[in-house]
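# Residue-level structure breakdown
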Amino acid sequence: MTTTEAPTRLFGAAIKRREDPKLITGQGNYIEDINLPGMLHAAILRSPFAHARIKRIDTEKAKSHPGVVAVYTGKDMESLNPLPCAWQAGGVKNNVNTPRALAIDEVHFTGDGVAVVIAEDRYAAEDALALIEVDYEPLPVVVDAEEATRPGAPQLHENAPNNICMRWTCGKEQETDQALQQAEVVVRQRMINQRLIPTPMETRGYVARYDAGTDEYTIWMSSQAPHVHRLLLAAFVLGVPEHKVRCIAPNVGGGFGAKIFVYPEMAVVAFASRQLDRPVKWVETRRENYVATTHGRDHITDVELGATRDGKITSLRVTTYANLGAYLSTIAPGIPTTLYGRMITGVYKIPNAFVEVLGVYTNTAMVDAYRGAGRPEATYVIERIVDILADELGMDPAEIRRKNFIPPSDFPYDNGVGMLPYDSGNYEPALNRALELVNYEQFKRDQAEARQRGKLLGLGLCSYIEVCGVAPSKWIGLPGEGWGAGLWESANVRVHLTGKVVVTTGSLPHGQGHETTFAQIVADELGVPYDDIIVQHGDTLGTPFGYGTYGSRSAAVGGTAIFKSVQKIKEKARKLAAHLLEAAEEDIVYENGKCYVRGSPDKAKTIQELALEASVGYNLPPGMEPYLDDTTYYDPPNCTFPFGTHVAIVEVDPETGMVDLLRYVAVDDVGNVINPKIVDGQIHGGIVQGVGQALFEGAVYDENGQLVTGTLMDYALPKASELPSFELDRTVTPSPTNPMGVKGAGEAGTIAASPAVVNAVVDALSHMGVRHLDMPLKPERVWRAIHT
Amino acid sequence: MEITVTVNGKTSTHNVPPRMLLVHYLREVLGLTGTHVGCDTSQCGACVVLKDGISVKSCTVLAVQCDGANIVTVEGLAVNGNLHPVQEGFWEEHGLQCGFCTPGVMMAAYQILQDNPNPSEEEIRAGLEGSLCRCTGYHNIVRAVKYAAEKMKAAPAGQTPTAVAAGSGEAVP
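Residues numbered from 1 in each chain as written. Chains lettered and ligands numbered in written order. Predicted model: local features only at pLDDT ≥ 70, side-chain atom pairs only at ≥ 80, totals over all residues. Heavy atoms only, no water.

Within chain B one finds 5 helices and 7 strands. Start at the N end of chain B and walk to the C end: the helices and strands fall as β-β-α-β-β-β-α-α-α-α-β-β. Its C-alpha radius of gyration of 15 Å places chain B within 12% of the 16 Å reference for a compact globule of 173 residues. Dimensions along the principal axes, computed over C-alpha positions, put chain B at roughly 45 × 35 × 25 Å. Taken across its 173 residues, chain B has 55% of its residues classed as buried. Of all intrachain contacts in chain B linking residues separated by at least 6 positions in sequence, the fraction that spans at least 24 positions is 59%. Element-wise, carbon and sulfur atoms account for 51% of the exposed surface of chain B, whose accessible area totals about 6400 Å². Taken as two groups, the 11 positive and 16 negative side-chain charges of chain B have centres that lie 5 Å from each other. (Helix = DSSP H or I, 4+ residues; strand = E, 2+ residues; numbered from the N terminus. Rg over C-alpha atoms; globule rule 2.2 N^0.38 Å. Buried < 20%, exposed > 50% of the residue type's maximum accessible area, 1.4 Å probe, protein only. Contact = heavy atoms within 4.5 Å. Areas by Shrake-Rupley, 256 points an atom, 1.4 Å probe, with all protein chains shown as cover. Lys, Arg positive; Asp, Glu negative; His and termini not counted. Charge placed at Lys NZ, Arg CZ, Asp CG, Glu CD.)

Here you go:
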């Protein structure tokens, strides 16, 4: 039943999620739960060599295996185009190399697919993989980005001499070098930002059904961006009109960036389904997820920071080898350029900065956006080197940060390396609050006292900034900077004649709770009961084109699109109310879901009554179209720039090198908060991914290009027992970029946590002369630092 | 091989291949897709179910090993439409985000509370040893388990909520 009771204000309310009842009762519908009549199952044979020529593939035995329906190789799929690289930042145009559905003549990493078996069930498909014979001619392998650029290194692609995909710079080179030469103090450090594996708990998976009658594909996909996948698959890979492909994302079991991209297997299942005229399902095993899905980070960086003796930073020069893997993934070139280089100065006012990035091909899995995407790498560089400067000068790390913060009066702030102006910020209160929560002065006394007893305590700070809601399209879409496409977001809002409000969005939640937060926005703005608002997403048939969910963009961009549609619906409702109440439009007030003539709230028309009138449509003002229905394509005028300070306190065991994370305090400023429960949850999860990088995680390839950390047995995801509970607080500096003042919260924790934890461990060992350690800070590495 | 298994109180007999995993039996033969597979190596715990009252990783148990067994999955946690306190805790405390690991984590939490009705934070974290979650950072999962412990303690004597095998009317210990 629809009610007309006005709700209490929900923006800012920590309500529990409406998504949860089905997920906690086992009624979720994830990709592996999709089962269609006549459905076949695919299993993919992947190259065991990191670099090899394919001389011959014999699929005969596999084809005759019981239950096997077909076996295809790359040659069978030659009609499919290579996958597109959508974000061609950094001038990569002439040396773009992207994967095909299956490799044809040569494989370039150990995950490269070379054949696919389609069978009646997955067991049969997996069995038949072992019956495919492939003759490989192994070729030399290189896995390290710096080594790959050296003369004589194995070459991956003819169009990229020395494996260099791009050389990209930002900032002022001459001025920076001059300032470094003149600086009273210069600190230098090489830092490794190790390769990570995103590891959503649900792997990737796709189910394709080709309908010969309509010549249409329907593809169910575990995806963060089904509209983008439809566009890129249809137009660039399959070569069919966009309207012939429908993409549907059911419940998505996490993504963390890895499900933004177009992958070969999407094309494989689409192709096989058309060939066989039956639905085809492929769900990735975890092993495949580790070798064949994109990885993140993998930078080798040299950094130089110049300053005055009293700690004022004058200059920053950064040179980075960014390992992009064997091919370019969908938006790979944009990550170590726009999202890294242009954020390198962090929260500090640095008059001279210059960044040089070499994007490099190696015989490894593709590297693309992983939670934070460029911003964690940038934050790590600046937050580590600022601590090193503090150590060099004997200054307090908090004090040196305060001294160099961009002051509140400088906003909007141009950071000098080509980022759009930082929209708003007030960095010192967040730092001060975090220090207050950890009782900074007391900690220093505790640390000194503990050292007397041979105990190693450390405290690490990270004052971060990130760029969220990346837009506007005229900036991010410009050839050279961007991907030749927009980054706006869409929403449609309809008030049905029953009074139910249906919101469809181009955003694609995969754990963020949009069905809840977007309904909170609409409930307040439209003045209708929360339970009458339905948020739909994920099906390209029935939602407006949108770019999807990543980069902490959904509230700031997708949410604002909804907000704007609601405003337009209210305007139409006021016009209609004026007509029905026989009053002038300017005299109509819209309040709590009701329209009335100013001063006469007792004679009101509710939004539900107006929706009915608008829907039946026989008493509308002249020229008004029926229905309360509006679609917005919202292109923000700027990005948003959340910030904050995180503090980690660790104890290091001098005997074993084990790091115990004792306390973690996070003070974040993500602008206005729609649902604190959900925002806190995002921060918690983000922190643990950052802690994971600092202490546990790291993808390791051996010199032959074999992924040594190829399962969850070898790749150390953080566990509950290794972590404390977190202490969270907020400051609120609303974003002036959008009408709700929201900024974005999805990546803040990950960006801040790695430097905070590493800074804490280095602090614990600083009296032993340790100034830097590369992640992950596993016991052996820490023990060696103590004992050498 | 023919097996007879009671799952969430309902007993049925099927002929299954000897190599079929319990998780595939539950998902593909019985259509109970609430139990998920998140890895190939028994690390993630998304597939945890109760076998004769003890939590097991259903990706590491063969279906034929469950002949005669009493299995409870996430679908059997709520009784007559009433959420189990563990489920309530996960909802109230925002103990899930994407929800993929959640069924297995909740079954592990159920076991933790069976073993120790009043666990400390440390004991809860230790009890979650076999479960991986990539979204929540475990913070709210710990709170969810605490919530469930409080709720179960507050239940009237003799009415401690259990995952009831509805068909047989027997409570799983």
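Moving on from the coordinates now.
This next bit is on the overall build of chain A. Scanning chain A from N- to C-terminus turns up 19 helices and 26 strands. Against the globule reference of 28 Å for 788 residues, chain A gives a C-alpha radius of gyration of 27 Å, in line with a compact fold. Taking all 788 residues of chain A together, 66% fall into the buried category. Long-range pairs, those at least 24 residues apart, make up 80% of the contacts in chain A between residues at least 6 apart in sequence.

All names here are of chain A. Pairing of strand 2 (residues 52-58) with strand 4 (residues 106-107) involves 2 bridges; the strand directions are antiparallel. Bridge pairing in strand 4 links Ala 52 to Val 107. Here strand 2 pairs with strand 6 (residues 133-138) via 6 bridges, running antiparallel. Each bridged residue has a counterpart across the sheet, and for Arg 53 the counterpart in strand 6 is Glu 137. (Pairing = 2+ DSSP bridges.)

Bring the parts together and some accessible area is lost; that lost area is often taken as the interface size. Residue and element names in this part refer to chain A. Segmenting chain A into domains produces domain 1 (20-28 + 488-634), domain 2 (34-139 + 201-254 + 259-292) and domain 3 (296-471 + 638-787). When each unit is reduced to the centre of its C-alpha atoms, the spacing between domain 1 and domain 2 is 39 Å. At the interface, 17 residues of domain 1 touch 18 residues of domain 2. Here domain 1 meets domain 2 over a buried area of about 1400 Å², counting both sides, of which 60% is carbon and sulfur. Area buried by domain 1 at its contact with domain 2 is led by His 510, Thr 540 and Phe 545, which between them contribute 41% of it. There are 1 salt bridge connecting domain 1 and domain 2. One salt bridge in this structure joins Asp 539 and Arg 246, with 2.6 Å as the shortest N-O distance. Applying the counting criterion to the domain 1 and domain 2 interface returns 7 residue pairs in polar contact (both at pLDDT 80 or more). (Domains from an automatic or database assignment. Buried area = accessible area lost by both parts, 1.4 Å probe. Salt bridge = Lys/Arg side-chain N within 4 Å of Asp/Glu carboxyl O. Polar contact = N/O pair within 3.5 Å; in protein donor to acceptor, adjacent residues only side chain to side chain.)

All names here are of chain B. Each assigned domain of chain B is listed here: domain 1 (2-76) and domain 2 (85-154). Surface buried jointly by domain 1 and domain 2 totals about 1200 Å² across both partners, of which 63% is contributed by carbon and sulfur atoms. When the buried area of domain 1 at its contact with domain 2 is split by residue, His 36, Leu 50 and Val 74 rank highest and sum to 37% of it. Viewed at the interface, domain 2 and domain 1 are joined by 0 salt bridges. Summed over the shared surface of domain 1 and domain 2, the number is 4 residue pairs in polar contact (both at pLDDT 80 or more). For the side of domain 1 that touches domain 2, the secondary structure elements donating two or more residues are strand 3 (48-51) and strand 4 (54-57).

What follows covers the state of the cysteines. Residue and element names in this part refer to chain B. Tallying each qualifying case throughout the model produces 0 disulfides over all chains. Cysteine Cys 133 remains unbridged, with the sulfur of Cys 101 as its closest cysteine sulfur at 3.8 Å. By relative accessible area, which is 6% here, Cys 133 ends up buried. (Disulfide = S-S within 2.5 Å.)

Once that is clear, we can look at the packing of helix 10 (residues 397-404) of chain A against helix 11 (residues 427-438) of chain A. Residues and elements named next belong to chain A. Relative to each other, helix 10 and helix 11 sit at 165 degrees, their axes nearing to 10 Å. Classified by the angle between their axes, helix 10 and helix 11 sit roughly antiparallel to one another. For the pair helix 10 and helix 11, the crossing hand works out as left-handed. Here helix 10 contributes Ala 398, Arg 401 and Arg 402 to the contact with helix 11, which in turn contributes Glu 428, Leu 431, Asn 432 and Leu 435. In terms of residue class, the contact of helix 10 with helix 11 is made up of 3 nonpolar, 1 polar and 3 charged. (Axes fitted to C-alpha atoms, helices over the stretch in contact; angles between N-to-C directions. Parallel < 35°, antiparallel > 145°, perpendicular 65-115°, else oblique. Left-handed = near helix turned anticlockwise from the far one by under 90°. Nonpolar A, V, L, I, M, F, W, Y, C, P; charged D, E, K, R; others polar.)

Okay, the interface of chain A and chain B next. Facing the 50 residues of chain A at the interface are 47 residues of chain B. Taking both partners together, chain A and chain B bury about 4300 Å²; carbon and sulfur atoms supply 55% of that area. Sorting the residues of chain A by area buried against chain B places Ile 24, Tyr 123 and Met 201 of chain A first, and these three jointly supply 19% of that buried surface. A salt bridge links Glu 92 of chain B to Lys 16 of chain A; the shortest N-O distance between them is 2.5 Å. At the junction of chain A and chain B, the tally comes to 34 residue pairs in polar contact (both at pLDDT 80 or more). Going through the elements one at a time, helix 1 (20-24), helix 3 (122-129), helix 8 (286-292) and helix 17 (676-696) of chain A are the ones with two or more residues in the side of chain A that touches chain B.

Residue and element names in this part refer to chain A. One can find Val 470 in the loop between strand 16 (456-465) and helix 13 (473-476). For Val 470 and Asn 638, which are 168 residues apart along the polypeptide, the C-alpha to C-alpha distance reads 7.5 Å. Those residues in contact with Val 470, other than ones at most four positions away along the chain, are Leu 339, Trp 475, Ile 476, Leu 487 and Cys 639.

Turning our attention to the sheet that holds strand 14 (residues 313-325) of chain A. Residue and element names in this part refer to chain A. Overall, mixed pairing links the 5 strands, which are arranged 7-15-14-13-8 in an open sheet. With partners counted over all chains shown, the strands left at the sheet margins are strand 7 (164-171) and strand 8 (185-196), one partner each. In this sheet, adjacent strand axes meet at a mean angle of 10 degrees when their direction is disregarded. As defined by bridge partners, strand 8 adjoins strand 13 (residues 296-307) across 11 bridges and the pair is classed as antiparallel.

Residues and elements named next belong to chain A. Counted under the stated rule, the structure contains 19 aromatic pairs over all chains. Each ring, one from Tyr 72 and one from Phe 271, has its centre 5.3 Å from the other, and the planes form 90 degrees; the classification is edge-to-face. Of the two residues, Tyr 72 sits in strand 3 (residues 68-73) while Phe 271 sits in helix 7 (residues 264-276), which places them 199 residues apart along the sequence. By relative accessible area, which is 9% here, Tyr 72 ends up buried. Ring geometry for Phe 405 and Tyr 427: centres 5.8 Å apart, planes at 65 degrees, overall edge-to-face. (Phe/Tyr/Trp six-rings, centres within 6.5 Å; stacked < 30°, edge-to-face > 60°.)

All names here are of chain A. Most of strand 1 (residues 40-46) sits inside the fold, with 7 of its 7 residues counted as buried. Every second residue of strand 1 is oriented toward a common face, with Leu 40, Ala 42, Ile 44 and Arg 46 on one face and His 41, Ala 43 and Leu 45 on the other, all of them buried. When strand 1 meets strand 12 (residues 280-283), the two strands line up parallel, connected through 2 bridges. Note that in strand 12 the partner of His 41 across the bridge is Lys 281. Examined bridge by bridge, strand 1 and strand 5 (residues 113-119) share 6 bridges and lie antiparallel to one another. Bridge pairing in strand 5 links Ala 42 to Ile 118.

On to the pattern of salt bridges, then. Residues and elements named next belong to chain A. Following the criterion strictly, the structure yields 63 salt bridges over all chains and no others. Taking the shortest distance from any N to any O, the salt bridge between Asp 135 and Arg 56 comes out at 3.2 Å. Highlighted residues: Asp 135 in strand 6 and Arg 56 in strand 2, separated in sequence by 79 residues. Accessibility expressed as a relative area gives 35% for Asp 135, which makes it partly exposed.

The next subject is the nonpolar core. With 236 residues, the main nonpolar core has Tyr 422, Val 652, Tyr 664 and Leu 765 of chain A together with Phe 90 of chain B as its most contacted residues. Not counting chain neighbours up to four residues away, the residues in contact with Tyr 422 of chain A comprise Met 343, Thr 345, Gly 346, Ile 406, Phe 411, Pro 412, Tyr 413, Asn 415, Tyr 427, Ile 465 and Phe 641 of chain A. Core analysis: the second largest hydrophobic core is formed by 44 residues, Ala 491, Val 495, Ile 521 and Phe 563 of chain A among them. (Core = buried A, V, L, I, M, F, W, Y, C linked by side-chain atoms within 4.5 Å.)

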